Amino acid sequence: MALRLSLRPSERVIIGGAVITNGNARAEITVENDVPVLRRGDILSPSVVATPCERIYLALELAYVEPERRTGHLTAYHDLARELLQAAPSCVANLDEIDARLAAERPYYALKEAQTLLEHERDLLSHVR
C-alpha cells in the first residue's frame, strides 16, 4: 500500500535512509514501496542527544532507517536499555513494550513506543532540581 505524504515548506523527512528537505512550497509525494519513512517530528538528530532515553531512541531510530546495520544498532539499544534499567527501574514497562515490538519485527512501532519512554524520562527529570 502506498504512503502519501504532504510536506510543509522546508519540512525534512527521511525516506529509505535518504534525508529529504522540501522546497519553499507545500508538496505531496507518494512512497510506493516498503521503505522506512520518518517525518520531522519523529527524527532525533544525534547532535541534540543528551539523556539516556534519547540515546535509546536514537539507537532505535537508526535501526529503523538503516536496516542494513540494524543488528549493530539493536545491540547498542540492548546495552543502553540494560544500563537504564539499573538506574531507573520504573522504565521497565516501556522497555518491555519496545522489546515486544522489536520481537514482532515492527521497528517503527518500537520507535513510537520509545517516544513514550522519552515522556516518562521527562516526567522523572521534572522532579529533579
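The structure we're discussing is the one just above.
Residues numbered from 1 in each chain as written. Predicted model: local features only at pLDDT ≥ 70, side-chain atom pairs only at ≥ 80, totals over all residues. Heavy atoms only, no water.

**Observations regarding the side chain of Glu113**
- Following the sequence through the fold, Glu113 ends up in helix 4 (residues 107-125).
- Of the side chains with opposite charge, Arg101 lies nearest to the buried Glu113, which makes no salt bridge, at 4.2 Å.
- Non-local contacts of Glu113, meaning those with residues more than four positions away in its chain, are made with Asn94, Glu97, Ile98 and Arg101. (Helix = DSSP H or I, 4+ residues; strand = E, 2+ residues; numbered from the N terminus. Buried < 20%, exposed > 50% of the residue type's maximum accessible area, 1.4 Å probe, protein only. Lys, Arg positive; Asp, Glu negative; His and termini not counted. Salt bridge = Lys/Arg side-chain N within 4 Å of Asp/Glu carboxyl O. Contact = heavy atoms within 4.5 Å.)

**Some words on the sheet that holds strand 5 (residues 37-39)**
- Pairing within the open sheet is antiparallel, and its three strands lie in the order 3-2-5. The two strands at the open ends of the sheet, each matched to only one other strand, are strand 3 (18-21) and strand 5. Here the strands of the sheet are splayed against their neighbours by 20° on average, with no regard to which way each runs.
- Note that strand 2 (residues 12-15) and strand 5 share three bridges and pair antiparallel. Counterpart to Val13 in the pairing with strand 5 is Arg39. (Pairing = 2+ DSSP bridges. Axes fitted to C-alpha atoms, helices over the stretch in contact; angles between N-to-C directions.)

**Structural notes on the pattern of salt bridges**
- Per the counting criterion, the structure on display carries seven salt bridges.
- With its nearest N and O atoms 2.4 Å apart, the salt bridge here joins Asp79 to Arg82. Separated by three residues within a single helix, Asp79 and Arg82 lie in helix 2 (residues 70-87), roughly one turn from each other.
- On the basis of relative accessible area, Asp79 is assigned to the partly exposed category, the value being 34%.
- Close ionic contact of Arg101 with Glu97 constitutes a salt bridge, the shortest N to O distance being 2.5 Å. Taken together, the positions of Arg101 and Glu97, both in helix 3 (residues 92-103) and four residues apart, correspond to about one turn of that helix.
- For Arg101, a relative accessible area of 27% corresponds to the partly exposed category.
- Residues participating in the shared-partner salt-bridge network are Arg8, Glu11 and Arg39.

**Remarks on helix 3**
- In a regular helix each residue adds 1.5 Å, so 12 residues correspond to 16 Å; helix 3 covers 16 Å between its end C-alpha atoms and thus fits that length.
- Buried-residue contacts for helix 3 involve helix 1 (52-65), helix 2 and helix 4.
- Positive backbone phi, at 55°, marks Glu105, one or two positions downstream of helix 3. (Expected span 1.5 Å × (residues − 1).)

**Re the packing of helix 2 against helix 3**
- The interhelical angle for the contact between helix 2 and helix 3, taken along N-to-C directions, is 160°, at an axis separation of 11 Å. On the basis of the axis angle, helix 2 is roughly antiparallel to helix 3. In this structure, helix 2 meets helix 3 at a crossing whose hand is left-handed. On helix 3, the residues that touch Leu74, Tyr77, His78, Ala81, Leu84 and Leu85 of helix 2 are Val92, Leu95, Ile98, Asp99 and Leu102.
- Split into classes, the residues belonging to the contact of helix 2 with helix 3 amount to nine nonpolar, one polar and one charged. (Parallel < 35°, antiparallel > 145°, perpendicular 65-115°, else oblique. Left-handed = near helix turned anticlockwise from the far one by under 90°. Nonpolar A, V, L, I, M, F, W, Y, C, P; charged D, E, K, R; others polar.)

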